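# Chains, contacts and geometry: an overview
Residues per chain are reported as follows:
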Amino acid sequence: MIDELTFDNTDERRRRRQNGTGWIEVIVGSMFSGKSEELIRRLNRAKIARQKVQVFKPHIDDRYSVEEIASHSGMTHISKPVMTADELLSQIDDDTEVIGIDEGQFFDMEVVEAVNDLANRGIRVIVAGLDQDYMGKPFEPMPQLLSIAEFITKTHAICVKCGNTANYSQRTFESDERVEVGAAGRYEARCRACFIPHADKPTAL
Ligand code: ADP
Ligand code: ZN
């Protein structure tokens, strides 16, 4: 242990130095806050810089085409749907330099270690996801990813009720299920004052 700290000469460390250092970026916010737009913007810039980019999303979210991530404003980027963090790891090509992950909140907790391993390998990993569920509760594994990320961006929407800064995703239908995929018409962006964190209350309130 002391040897490793003092001499810093393991094969793994040498390899990391050669590849350059990786890091983790996390983009969080409510629905409609522009997370996907921001993720797609960063991925497109990496591609302009001729970096090898791979993009993933959890298979659960097939609101739009399964083979792409999409923003509510119509921006898209090709992506591979994967069921688990393990499957994501198995899909990484050797020459990949940047990895994008959308809808990170729908991954299993293993994604935290997977993302960390990828960054340790010298890869820039960008994860976008909801930081809170429809009740306003932290949405794992995003809190854990926020803890280990080098860079964090919080995006905000506009409250549809009053125009203030929105930090919450209001569910506009009744369900106690944490995962209920859907966008416009099923959820709306709300500020702290207008958010009603109970699934069973009518949203007209
Ligand atoms: P997220 O990934 O955070 O759900 P997207 O990137 O998919 O967000 O969509 C952001 C876009 O959603 C905005 O640029 C805007 O065109 C649209 N939009 C719809 N409703 C709202 C709202 N209430 N506040 C802000 N943007 C909204
Ligand atoms: Zn409001």
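Notes on the structure in this doc start here.

The rules we used
Residues numbered from 1 in each chain as written. Chains lettered and ligands numbered in written order. Predicted model: local features only at pLDDT ≥ 70, side-chain atom pairs only at ≥ 80, totals over all residues. Heavy atoms only, no water. Helix = DSSP H or I, 4+ residues; strand = E, 2+ residues; numbered from the N terminus. Buried < 20%, exposed > 50% of the residue type's maximum accessible area, 1.4 Å probe, protein only. Donors = N, O, S within 2.8 Å, 3.2 Å for Na, K, Ca; no water. Tetrahedral: all angles 85-135°; square planar, octahedral: opposite > 155°, others 65-115°. Contact = heavy atoms within 4.5 Å.

### Section: unusual backbone geometry
The peptide bond linking Glu 140 to Pro 141 adopts the cis configuration, its omega dihedral lying at 5°. By the secondary structure assignment, Pro 141 is in the loop between strand E7 (124-130) and helix H6 (142-148). Even without glycine at this site, Phe 32 takes up a positive phi of about 70°. When its relative accessible area of 29% is taken as the criterion, Phe 32 is described as partly exposed. Here the phi dihedral of Arg 50 falls at roughly 60°; this positive angle occurs in a residue that is not glycine. Within the secondary structure layout, Arg 50 lies in the loop between helix H3 (35-48) and strand E2 (53-58).

### Here we look at the coordination of the zinc ion (ligand 2)
At 2.2 to 2.4 Å from the zinc ion (ligand 2) lie its protein donor atoms, namely Cys 159 (SG), Cys 162 (SG), Cys 191 (SG) and Cys 194 (SG). Taken together, the four donor atoms coordinating the zinc ion (ligand 2) span angles of 103 to 116° at the metal, a pattern that classifies the geometry as tetrahedral. All donors to the zinc ion (ligand 2) come from one chain, and their sequence spacing reads C-x2-C-x28-C-x2-C. With Cys 162 in the loop between strand E9 (157-158) and strand E10 (165-166) and Cys 191 in the segment after strand E12 (187-190), this pair connects stretches of sequence that are 29 residues apart.

### As for the environment of Val 98
Within the secondary structure layout, Val 98 lies in strand E6 (residues 98-101). Its relative accessible area of 1% is what places Val 98 among the buried residues. For Val 98, the contacting residues outside a window of four places in its chain are Leu 43, Ala 46, Gln 51, Lys 52, Val 53, Gln 54, Ile 123, Arg 124 and Ile 126.

Treat this as a map of the structure, not an account of what it does.
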